[in-house]
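Observations on chain architecture
Here is what each chain is made of, one letter per residue.
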Amino acid sequence: MMIDGNFTLVNGTFIPSTDYRISIQESEGLLFAEKIRSVRTTFPFFKATLEMMRLKLLIFHQELPVLMENEGTELKRQMERTLTKNKHFLGSVLSVRFWLFDQKLHYSIQSSKTDFTGYELNNKGLYISISPEIWKSVSSLSNCSLGSEIYWNIASIPKESVNDELVLLNDENQIIEAPRSNIYLVKNGTIRGASIHHGAYADITKSLLLKIFESLKLTYDESEALTEQDLKEADEIFLVNALVGIRWVIGFEGKRYFNQTIRKINTQFVKSLIN
């Protein structure tokens, strides 16, 4: 559970969150919203997130704003101001939104306090199931949130008697991701993931994870598409994104999974973000 801050920064000025409203015209001009994790005074994956935001602005034919120049120095300063104003000094998630209004690029920053200061592996494993209602097609945007968000939102709508995290398929019934997260399978010292060529989302944690796999002498492979049978045959399964880190999956249908390798990966993951 996250608790929203009392103040929202809008184009450099703080406004009480309860008073902040946007017009219909402004909402129609929304380009995208990017979430950034903060751990005390640091922003893990900030550089990678900044590059992703630049890419999205480029897709929308927008010039880089002053806010994001000089390796995002001003953006980082404004995020720090927002955390201080909302007294979010431990763990939080910042939402940075960009929209067009009157032919100008506008932004807002809001922070939400998290339950945990840093990244913690879930002691109670997740249960997953395959989403039966929606298939995500391969496209030029399927590897980023712009081409994935609508599928995630549909898959995340609560359903009666279903508490599982839903896993998404592409239009060839191949497993590609969970909402906002990459999925990895562990078996016999090999990690298997879903490729962007199969329509999978590529979270910004991926490059770090590949380094961790190599350091632990684990082979990584995404040459073959993931299937439901692969889920059933895996020894361990985990989900990863930059906001919550690594999440251990304990079960899929009647299958139960260990987390021995996942714990080693998580230890390296957390350590790399501290150093």
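Preceding block: the structure.
Note that the structure is predicted; figures quoted are calculated from it, not measured. (Residues numbered from 1 in each chain as written. Predicted model: local features only at pLDDT ≥ 70, side-chain atom pairs only at ≥ 80, totals over all residues. Heavy atoms only, no water.)

1. Quick look at the overall build of the chain
Counting its regular elements, the chain contains seven helices and 14 strands. Taken over the C-alpha trace, the chain has a radius of gyration of 19 Å; the compact-globule value for 275 residues is 19 Å, and the two agree within 12%. Counting only C-alpha atoms and orienting by the principal axes, one finds that the chain spans roughly 55 × 40 × 40 Å. Scored against the burial criterion, the 275 residues of the chain give a buried share of 47%. Here the chain displays about 14600 Å² of accessible surface, and carbon together with sulfur accounts for 52% of that area. In the chain, which carries 31 positive and 33 negative side-chain charges, the distance between the mean positions of the two groups comes to 8 Å. (Helix = DSSP H or I, 4+ residues; strand = E, 2+ residues; numbered from the N terminus. Rg over C-alpha atoms; globule rule 2.2 N^0.38 Å. Buried < 20%, exposed > 50% of the residue type's maximum accessible area, 1.4 Å probe, protein only. Areas by Shrake-Rupley, 256 points an atom, 1.4 Å probe, with all protein chains shown as cover. Lys, Arg positive; Asp, Glu negative; His and termini not counted. Charge placed at Lys NZ, Arg CZ, Asp CG, Glu CD.)

2. Description of the nonpolar core
Within the largest apolar cluster, 48 residues are counted, with the highest numbers of intra-cluster contacts made by Ile183, Leu231, Ile237, Phe238, Ile246, Ile265 and Phe269. In this structure, Ile246 is in contact with Glu120, Leu121, Asn122, Leu209, Phe238, Leu239, Val240, Ile262, Ile265, Asn266 and Phe269, ignoring residues within four places of it in sequence. Core analysis: the next-biggest nonpolar cluster, separate from the first, contains 19 residues, Phe32, Phe46, Tyr107 and Ile109 among them. (Core = buried A, V, L, I, M, F, W, Y, C linked by side-chain atoms within 4.5 Å. Contact = heavy atoms within 4.5 Å.)

3. Thoughts on the sheet that holds strand 5 (residues 104-113)
The five strands are arranged 2-1-5-4-3 in an open sheet whose pairing can be described as antiparallel. Looking at the sheet topology across the chains shown, the edges are occupied by strand 2 (13-16) and strand 3 (30-39). Looking at each pair of strands side by side, their axes are set apart by 25 degrees on average, direction ignored. Across 10 bridges, the pairing between strand 4 (residues 91-101) and strand 5 is antiparallel. Among the inter-strand pairings, Ser92 is bridged to a residue of strand 5, identified as Lys113. Running over the sheet, helix 2 (residues 46-59) touches strand 3, strand 4 and strand 5 and is turned about 180 degrees from strand 3. The strands touched by helix 3 (residues 69-85) are strand 1 (3-10), strand 2, strand 3, strand 4 and strand 5; relative to strand 5, the strand with the most contacts, the crossing angle is about 40 degrees. (Pairing = 2+ DSSP bridges. Axes fitted to C-alpha atoms, helices over the stretch in contact; angles between N-to-C directions.)

4. So, unusual backbone geometry
Despite not being glycine, Asp102 shows a phi value in the positive range, around 55 degrees. Here Asp102 lies in the loop between strand 4 and strand 5. The exposure class of Asp102 is exposed, given its relative accessible area of 61%. Positive phi, normally seen in glycine, also occurs at Asn173, with a value near 60 degrees. Counting through the fold element by element, Asn173 comes out in the loop between strand 7 (165-170) and strand 8 (175-177). Relative accessible area serves as the criterion here: at 49%, Asn173 is assigned to the partly exposed category.

5. Examining a nonpolar patch on the surface
Among the surface-exposed residues, Leu55, Leu58 and Ile59 lie close enough to one another that they form a single nonpolar patch of about 260 Å² accessible area. Here Ile59 is to be found in helix 2. The class of Ile59 is partly exposed, set by a relative accessible area of 32%. (Patch = residues over 30% accessible without salt bridge, like charges linked within 9 Å, V, L, I, M, F, W, Y side chains within 5 Å. Salt bridge = Lys/Arg side-chain N within 4 Å of Asp/Glu carboxyl O.)

6. Description of the side chain of Gln174
For Gln174, the location among the structural elements is in the loop between strand 7 and strand 8. Ignoring any residue separated from it by four or fewer positions in sequence, one finds Gln174 in contact with Leu168, Leu169, His198, Ala225 and Leu226.

7. Focus on the packing of helix 2 against helix 3
Interhelical geometry of helix 2 versus helix 3 gives an angle of 105 degrees and a closest axis separation of 11 Å. When the axes of helix 2 and helix 3 are compared, the pair comes out roughly perpendicular. In contact with Phe46, Leu50, Met53 and Arg54 of helix 2, helix 3 contributes Glu71, Gly72, Leu75, Lys76 and Met79. A breakdown of the residues in the contact of helix 2 with helix 3 according to their chemical character gives five nonpolar, one polar and three charged. (Parallel < 35°, antiparallel > 145°, perpendicular 65-115°, else oblique. Nonpolar A, V, L, I, M, F, W, Y, C, P; charged D, E, K, R; others polar.)

8. Overview of the packing of aromatic side chains
Aromatic ring pairs are defined here through the distance separating the ring centres and the angle between the ring planes. Scanning the model with the defined rule gives 10 aromatic pairs in all. With centroids separated by 5.2 Å and ring planes inclined at 20 degrees, the aromatic side chains of Tyr184 and Phe238 adopt a geometry described as stacked. Highlighted residues: Tyr184 in strand 9 (residues 182-187) and Phe238 in strand 12 (residues 236-241), separated in sequence by 54 residues. You can call Tyr184 buried: its relative accessible area is 3%. Through pairs of rings, three or more aromatic residues link up here, namely Tyr184, Phe213, Tyr220 and Phe238. Here the guanidinium or amino end of Arg37 rests over the ring plane of Tyr119, the centre of that ring lying 4.8 Å away. (Phe/Tyr/Trp six-rings, centres within 6.5 Å; stacked < 30°, edge-to-face > 60°. Lys NZ or Arg CZ within 6 Å of the ring centre and 35° of its normal.)

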